[in-house]
Amino acid sequence: MRKLDFDNINKAYQEWNENVLSEWLKKHPEIREEFTTKTGLPLERVSIPKDHNYLENINFPGQFPFTRGINPTMYRSEYWVMGQYSGFASAKEANKRLKYLIDQGQTGFSIALDLPTQMGIDSDNDKSVGEVGRVGVAMDSLQDIEELLEGIPFEKVKQIRTTANAISPIALAMIVAFAEKNNIDPNSIRVLIQNDILKEFLGRGTYIYPPKQSVKLSIDVIEYTSKHLPNWVPMAICGYHIRDSGSTAVQELAYTFANAIAYIEEALNRGLDIDDFASKLFTFLAADMDIFEEAAKFRAARRIWAKLMKERFNSEKDECMALNIFAYTLGGSLTSQQPLNNIVRVTLQALTAVMGGVQVLATSSYDEALGLPSEKAVTTALRTQQIIAYESGVTGMVDPLGGSHALESLTDQLEQEVETELNKIESLGGAITSIENGIIQKRISDSAYEYQKRMETGDRSVVGVNKFCHSEEGSEMPVFKVSPVAEKEQRERVKNLKNNRENDKVRKCLDQIKIAAEKEENLIPSIIDSIKNYATVEEISNVLREVYGTYKDPAVF
């Protein structure tokens with residue numbers, strides 16, 4: 001900590017303001033000159049501490065280590081991308097929901113894939129019975145992505161995201177093939193591919209291949225996009241699913257960054273330059289109920305990332321040190337009891353994420369603990385973001401909680417705890433080794449058990465579950481369900497595709513994937529060729545299963 005008097009702070013700030021900030025403002029002439037409260041009181045763009053020591057590692061928004069935000073004007077320049085997790089049943093049905101949400105003002109969307117698709121299994125496989133289109137849209141081949149994206153006004157969409165992880169190279173190939181078939185430059189569609197397979201071993205379980213081979217596929221995506229699709233986000237390194245599995249906030253960040261280190265080191269070993277791809281990476285973090293801890297977590301995450309990029313990986317670009325955060329209100333905090341209470345929970349979580357300075361935000365629907373979100377619930381979730389953006393006033397100030405002694409202290413504490421846990425994982429051989437040995441899984445499981453114990457004893461209150469739980473509200477709430485007809489139609493659709501395409505071409509394309517895999521080449525070009533000839537997700541995945549094998553959880557706890 002370095003003590004500075006306010007005059008020197010203000011002088012340094014003004015010097016920086018005249019240079020970096022003035023250039024930023026030239027790029028954003030739409031920014032209003034004045035922001036005020038509802039009463040009309042003027043709002044400072046950023047608050048500067050005047051009466052206590054100024055922490056050097058806080059700095060100003062847009063300056064290393066980006067604790068206070070990744071650019072100097074944040075939401076004064078542009079609101080965060082407002083998106084929802086969308087997709088169910090068939091591509092045709094999901095297309096209708098996406099268009100509806102875009103008409104309601106949504107500026108980004110996540111393509112939720114059903115479990116068979118995520119596991120590399122086609123809808124006509126007997127293993128898929130009962131799961132086709134259930135938790136996301138069935139995406140078996142190019143014909144499905146064609147129907148899903150038909151008529152989507154890409155000019156209104158700032159970002160398209162997909163839950164693809166184990167099948168991320170296939171998801172990339174589908175969108176590229178769709179774009180090229182429709183004479184669209186694929187780089188003009190702003191796509192974020194989740195592509196974080198390591199967290200699947202920790203949080204969700206939709207893995208296919210062993211960790212090392214899975215990471216290889218993730219790096220194929222990073223390498224290909226860095227050369228051919230620079231506007232795409234090739235990976236969102238996920239802490240959300242780790243947190244939703246029961247981890248603490250400290251574990252969420254520590255294991256996210258441990259995974260990030262594993263990916264980055266593999267990319268560097270492949271010959272990529274850190275400054276050629278790191279600026280495109282996102283993190284995907286949860287927004288939970290503890291307001292001050294979550295706001296401090298987002299700030300600490302930016303600081304840790306900035307130092308990691310600069311000091312460990314020797315990045316020379318501010319863009320690589322400035323962490324982009326995609327936040328999603330934590331689904332695990334929602335309750336099936338008194339589900340309308342979830343509107344309040346989501347509002348608090350979303351507000352915290354905004355005050356923490358995220359770039360993309362998705363909000364859960366109040367009925368998600370009961371089933372797939374209804375149209376009414378998903379609209380309410382979107383309106384929650386819009387009310388925060390347009391009515392709450394929090395967008396007028398950058399890092400509005402910054403300067404609070406409580407928040408700054410908590411930010412520092414989180415940073416220190418995360419670095420301690422991260423160093424433990426590093427000492428055990430890093431993320432991949434720790435996953436293979438079940439070490440991280442065990443620690444998350446222990447945290448989940450401790451939280452559940454605290455909730456059951458009443459030490460941690462959850463309204464409507466272990467506190468104030470006498471209401472019958474929610475027992476008659478309608479639950480949105482996918483029609484079983486959709487599964488039957490999708491199964492028939494895949495069978496017809498396989499019978500009517502040019503199967504000789506498909507077999508040749510699949511053979512090329514196998515050859516490339518055996519030679520440890522980047523698989524994206526050969527997968528794109530296969531997708532263009534209507535090879536299916538399972539057919540491509542089976543080729544890789546043959547080469548890489550499959551993974552079984554060690555179940556050490």
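This report concerns the structure included in the present document.

## Concerning the pairing of strand β2 (residues 108-111)
- The alternating pattern of β2 places Gly 108 and Ser 110 on one face and Phe 109 and Ile 111 on the opposite face, and all of these are buried.
- Sheet topology places β2 next to strand β3 (residues 159-162); 4 bridges connect them, and they run parallel. Looking at β3, one finds that Ile 111 is bridged to Thr 162.

## Focus on the packing of aromatic side chains
- Applying the stated rule across the entire model yields 13 aromatic pairs.
- Relative to Tyr 551, the ring of Phe 201 has its centre 4.8 Å away and its plane inclined at 90°; by these criteria the two rings are edge-to-face. Residue Phe 201 is found in helix α6 (residues 198-204), and its partner Tyr 551 is found in the segment after α21 (537-548); the two are separated by 350 residues along the sequence.
- Take Tyr 551: its relative accessible area is 14%, and that puts it in the buried class.
- Ring geometry for Phe 284 versus Phe 326: centroids 4.3 Å apart, planes at 5°, classification stacked.

## With respect to the environment of Asp 144
- With respect to the helices and strands, the residue Asp 144 is situated in helix α4 (residues 142-148).
- As a C-alpha pair, Asp 144 and Asn 59 span 85 residues in sequence and 48 Å in three-dimensional space.
- Once residues lying within four places of it in the same chain are set aside, the contact partners of Asp 144 are Ala 91, Ala 138, Met 139, Gln 490 and Arg 493.

## Structural notes on helix α19 (residues 503-518)
- Relative to the 22 Å expected for 16 residues at 1.5 Å per residue, α19 spans 23 Å between its end C-alpha atoms, a close match to the ideal helical length.
- If you check which residues of α19 are buried, you get Val 506, Cys 509, Leu 510, Ile 513, Ala 516 and Ala 517. Relative to the axis of α19, the buried residues are bounded by an arc of 120° and lie together on one face. Of the exposed residues in α19, the ones pointing more than 90 degrees away from its buried face are Asp 504, Lys 508 and Glu 518.
- Those residues of α19 that are buried are in contact with α20 (524-532) and α21.
- Downstream of α19 by one or two residues, Glu 520 has phi in the positive range, about 60°.

## Some words on the pairing of β3
- Side chains Gln 159 and Arg 161 project from β3 onto one buried face, and the interleaved Ile 160 and Thr 162 project onto a second face that is buried too.
- Alignment of β3 against strand β4 (residues 191-193), held across 3 bridges, turns out to be parallel. When the bridges of β4 are listed, Ile 160 appears paired with Val 191.
- In this region the chain leaves β3, passes through helix α5 (residues 168-181) and returns to the parallel neighbour β4; the handedness of that crossover is right-handed.

What counts and how
- Residues numbered from 1 in each chain as written.
- Predicted model: local features only at pLDDT ≥ 70, side-chain atom pairs only at ≥ 80, totals over all residues.
- Heavy atoms only, no water.
- Buried < 20%, exposed > 50% of the residue type's maximum accessible area, 1.4 Å probe, protein only.
- Helix = DSSP H or I, 4+ residues; strand = E, 2+ residues; numbered from the N terminus.
- Pairing = 2+ DSSP bridges.
- Phe/Tyr/Trp six-rings, centres within 6.5 Å; stacked < 30°, edge-to-face > 60°.
- Contact = heavy atoms within 4.5 Å.
- Expected span 1.5 Å × (residues − 1).
- Arc of directions from axis to C-beta.
- Right-handed = clockwise from strand over helix to strand, strands pointing away.

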